[in-house]
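# Tertiary structure, described
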Amino acid sequence: MPYYLGLDSSTQSLSAMAIDPERGRVVLDESINFGRDLPHYASPHGFLANANPNIKHSNPLMWVEALDLLLSRVRATGFDLSQVAAVSGAGQQHGSVYLSTPLSAAGKFGADRALVDSVKPLLSRPSAPIWMDSSTSAACGEIAGAVGGDGVVTKVTGSRTIERFTGPQIRKFYREEPASYEQTREIHLVSSFMASLLVGTTAPIDLGDGAGMNLLDLASGSFSRELLDATAPGLGAKLPGPVPSTQKVGEITGYFIEKYGFRAGTPVFAFTGDNPSSLIGMGASAPGTAVVSLGTSDTVFAAMREPRTDPQGFGHVFGNPAGGFMSLICFANGSLAREQVAKDVGYDWDAFTRAILETTQPGNSGNLLLPFFVPEMTPKLLAPAAKRFGSPAFVAGKEPAALVRGVVEAQALSMQYHSRWIGETPSLLLVTGGASRNRGILQVLADVFQAEIRTLKTGNSSALGAALRAAQAGGAHDWADLYARFAAPDPDLQVAPAPGTERVYDELRARFVAELAKLG
Ligand code: ADP
Ligand code: XUL
């Protein structure tokens, strides 16, 4: 005792993890899968179907209902929430929630009814655009144009204007639904929205996640007046924050005390983005360690030694919750692309792994695939481009094992090629996310990056990072101590590059890059 609780509101699930720092133990690890546990939201992968592949929205009420369901499950396990000394959390980045009544003016959530019934009347927009959305190119152009170009946006915010980032998403809403925008009094990121629910009032956006909005001036740590004006009228008044990631944003509200047994006065610390939270959960908040996260999206990130931006325009600078900044590059074709190939060839994950480790060889006998099954942000492709090159049988889609290796090799090549700007040539890569338990994928990463691969025992580094942040901010534990107890690499899992693979992937990389260039 005491325990520290971290919540992670990700694309496909909401998780709760609690730690006991004194004993160095994870004492709670529960999850709600939106598709499986809340099927009435018709979001098998956490987002709503849309005929336009560039539009990806979720119903924010699904996240609200998931919070009630998660906490009732936690209670049902017998876990005593009154032992929780502090809470923090994380959310999928960039997504935005629009409210006609600020949470600070909404009144108390009644414990006599479901949270979702109290929140529903507050929304000014029924759906929330999420990070997978790529429908805002016009808004990006307008914002960049108004402030003197993407060079200026990059200098101020660490990223050029990016379709999935919150500013362009807000501008699109303002342009297409001006009356609803006018009615909107408060706009949240997923992270600050979830924190607001817990404290029953408006919780501010933190600097870690706020940096993914195309609105934050990294140098001053405040929203840029020029970018606010270029995005939508009156926007500054609708955005709470930004605040440092270590800030207390309130105390747990009566609803959760009455319903689930939290202790009155439990502090809640700012929620951040899932990637900044993972940086902490991987024990990687000091420069020198690169992390690959294989979740719904694949990301590569590292704490920054010095300010730098991606000359190709795909990478980003976010706030490091432990102070300073982190670099990140994100790939939309992550787990869902791997799942698509597995489904197409009829393999489960075991067969998928065997296809890589037993049936095929590094370099895939010269077969090469472009892994863009859905619109991609790195490189920017608004239309899918899953092309195959190599033997006639492979091109015809008739070599199941080679297709499996093909998608994983191409994703690893793309990650490595597009993360060169980060300036770390890692000899050690820490890997996390749902797919990090797959030995086949880890071996390909080791071979392509020519780096040793380690994972942590805890697969959900974003939820763990949230629990560690609660412990650091709420319990005066220091990072080094927490990392030693919770973020040490799994001693049983260590994957090294196979001999001879460097040359194989130098050749394949050259072909991959040449095919990418042809996509324009
Ligand atoms: P997110 O946090 O973005 O919701 P997770 O990190 O929880 O995502 O990862 C979920 C994904 O992990 C699933 O979509 C699934 O494709 C993938 N996954 C789970 N187990 C395996 C496995 N053994 N091999 C490869 N991928 C896996
Ligand atoms: C990062 C990004 C995704 C989301 C979802 O820029 O868009 O990684 O945070 O996990």
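Just so you know, these numbers come straight off a predicted model, no measurement behind them.

Let us now look at the site of ligand 1. As a matter of local geometry, ligand 1 sits amid 14 residues, with Ser10, Thr296, Glu339, Gly434 and Asn438 nearest to it. A distance of 2.6 Å separates an oxygen atom of ligand 1 from a polar side-chain atom of threonine 296. In this structure, glutamate 339 approaches ligand 1 through a side-chain N or O atom, which is 2.5 Å from an oxygen atom. Summarising the interface, the protein chains cover 79% of the accessible area of ligand 1, which totals 590 Å² for the free molecule. Looking at side-chain class alone, the shell around ligand 1 contains three nonpolar, nine polar and two charged residues. The residues that make up the shell around ligand 1 include at least three from each of domain 1 (3-270) and domain 2 (285-456 + 488-520).

Now for the site of ligand 2. In the neighbourhood of ligand 2, the contacting residues comprise Gln93, His94, Trp131, Arg164, Asp274, Asn275, Ser297, Thr299, Phe318, Leu328 and Cys330. Serine 297 places a polar side-chain atom, nitrogen or oxygen, 2.8 Å from an oxygen atom of ligand 2. Isolated, ligand 2 exposes 290 Å² of accessible area, and the fraction of that covered by the protein chains is 96%. When residues of the shell around ligand 2 are traced back to their parent elements, those giving at least two are helix 12 (274-281) and strand 17 (325-331). When its residues are assigned to classes, the shell around ligand 2 shows four nonpolar, five polar and two charged.

Okay, helix 19 (residues 479-486) next. Among the residues making up helix 19, those that are buried are Trp479, Leu482, Tyr483 and Phe486. With its buried residues spanning 100° around the axis, helix 19 presents them on a single face. Helix 19 presents Ala480 and Ala484 as exposed residues on the side facing more than 90 degrees away from its buried surface. On its buried face, helix 19 sits against strand 2 (13-20), strand 3 (25-33), helix 12, strand 21 (452-456) and helix 18 (461-475).

This part takes up the domain arrangement of the protein. Looking at the assigned domains, one finds that the protein contains domain 1 (3-270) and domain 2 (285-456 + 488-520). Taken over C-alpha atoms, the centre of domain 1 sits 28 Å from the centre of domain 2. Carbon and sulfur atoms supply 61% of the area that domain 1 and domain 2 bury against each other, a total of about 1800 Å² over both sides. Area buried by domain 1 at its contact with domain 2 is led by Trp131, Arg164 and Leu218, which between them contribute 25% of it. The partner of glutamate 163 in a salt bridge is lysine 380, and the shortest N-O contact between them spans 2.8 Å. For the pair domain 1 and domain 2, the number of links is seven residue pairs in polar contact (both at pLDDT 80 or more). Within the residue set of the side of domain 1 that touches domain 2, elements represented by two or more residues are helix 5 (150-157) and helix 9 (207-210). Grouping the constituent residues of the side of domain 1 that touches domain 2 by class yields nine nonpolar, 16 polar and three charged.

With that settled, consider the pattern of salt bridges. The final tally for this structure, using the stated rule, is 17 salt bridges. The residue arginine 225 makes a salt bridge to aspartate 229 at a minimum N-O spacing of 3.2 Å. Of the two residues, arginine 225 and aspartate 229 both sit in helix 10 (residues 225-231), four residues apart, roughly one turn of that helix. Looking at arginine 225, the relative accessible area reads 48%, which means it is partly exposed. Among the residues examined, aspartate 229 registers a relative accessible area of 52% and is labelled exposed. Residue arginine 485 pairs with aspartate 481 through a salt bridge whose shortest N-O separation is 3.1 Å. Residue arginine 485 and its partner aspartate 481 are located together in helix 19, separated by four residues, close to a single helical turn. Put simply, Glu142, Arg171 and Arg175 are held in one network by salt bridges that share partners.

Turning to the packing of aromatic side chains, a few remarks are in order. Applying the stated criterion to the full structure yields nine aromatic pairs. Judged by centre distance (5.0 Å) and plane angle (80°), the rings of tryptophan 349 and phenylalanine 352 are edge-to-face. Of this pair, tryptophan 349 and phenylalanine 352 are both found in helix 14 (residues 349-359), three residues apart, which corresponds to roughly one turn of the helix. Residue class for tryptophan 349 comes out partly exposed when judged on its relative accessible area of 42%. A ring pair is formed by tryptophan 479 and tyrosine 483, whose centres lie 5.8 Å apart and whose planes are at 25°; its orientation type is stacked. You can see tryptophan 479 and its partner tyrosine 483 sitting in helix 19, four residues apart, about one turn around the helix. Residue class for tryptophan 479 comes out buried when judged on its relative accessible area of 18%.

On to the sheet that holds strand 20 (residues 428-432), then. What the seven strands build is an open sheet, ordered 16-17-15-14-20-21-22; its pairing is mixed. Looking along the sheet, the strands with just one partner apiece sit at the ends: strand 16 (316-319) and strand 22 (489-495). With strand direction ignored, the average angle separating the axes of adjacent strands in the sheet is 30°. Bridge analysis of strand 15 (residues 298-303) against strand 17 gives six bridges, and the strand direction is antiparallel. Within strand 17, the residue paired with alanine 303 across the bridge is methionine 326. Packed onto the sheet, helix 16 (residues 400-418) meets strand 14 (290-294), strand 15 and strand 17 and runs at close to 145° relative to strand 17.

Viewed as axis vectors pointing N to C, helix 14 and helix 17 (residues 439-449) meet at an angle of 35°, and their least axial separation amounts to 7 Å. Of the residues in helix 17, those in contact with Phe352, Thr353, Ile356 and Leu357 of helix 14 are Arg439, Gly440, Ile441, Gln443 and Val444. Looking at side-chain class alone, the contact of helix 14 with helix 17 contains five nonpolar, three polar and one charged residues.

Cut-offs used in this document
Residues numbered from 1 in each chain as written. Chains lettered and ligands numbered in written order. Predicted model: local features only at pLDDT ≥ 70, side-chain atom pairs only at ≥ 80, totals over all residues. Heavy atoms only, no water. Near = heavy atom within 4 Å. Polar contact = N/O pair within 3.5 Å; in protein donor to acceptor, adjacent residues only side chain to side chain. Areas by Shrake-Rupley, 256 points an atom, 1.4 Å probe, with all protein chains shown as cover. Nonpolar A, V, L, I, M, F, W, Y, C, P; charged D, E, K, R; others polar. Domains from an automatic or database assignment. Helix = DSSP H or I, 4+ residues; strand = E, 2+ residues; numbered from the N terminus. Buried < 20%, exposed > 50% of the residue type's maximum accessible area, 1.4 Å probe, protein only. Arc of directions from axis to C-beta. Contact = heavy atoms within 4.5 Å. Buried area = accessible area lost by both parts, 1.4 Å probe. Salt bridge = Lys/Arg side-chain N within 4 Å of Asp/Glu carboxyl O. Phe/Tyr/Trp six-rings, centres within 6.5 Å; stacked < 30°, edge-to-face > 60°. Pairing = 2+ DSSP bridges. Axes fitted to C-alpha atoms, helices over the stretch in contact; angles between N-to-C directions.

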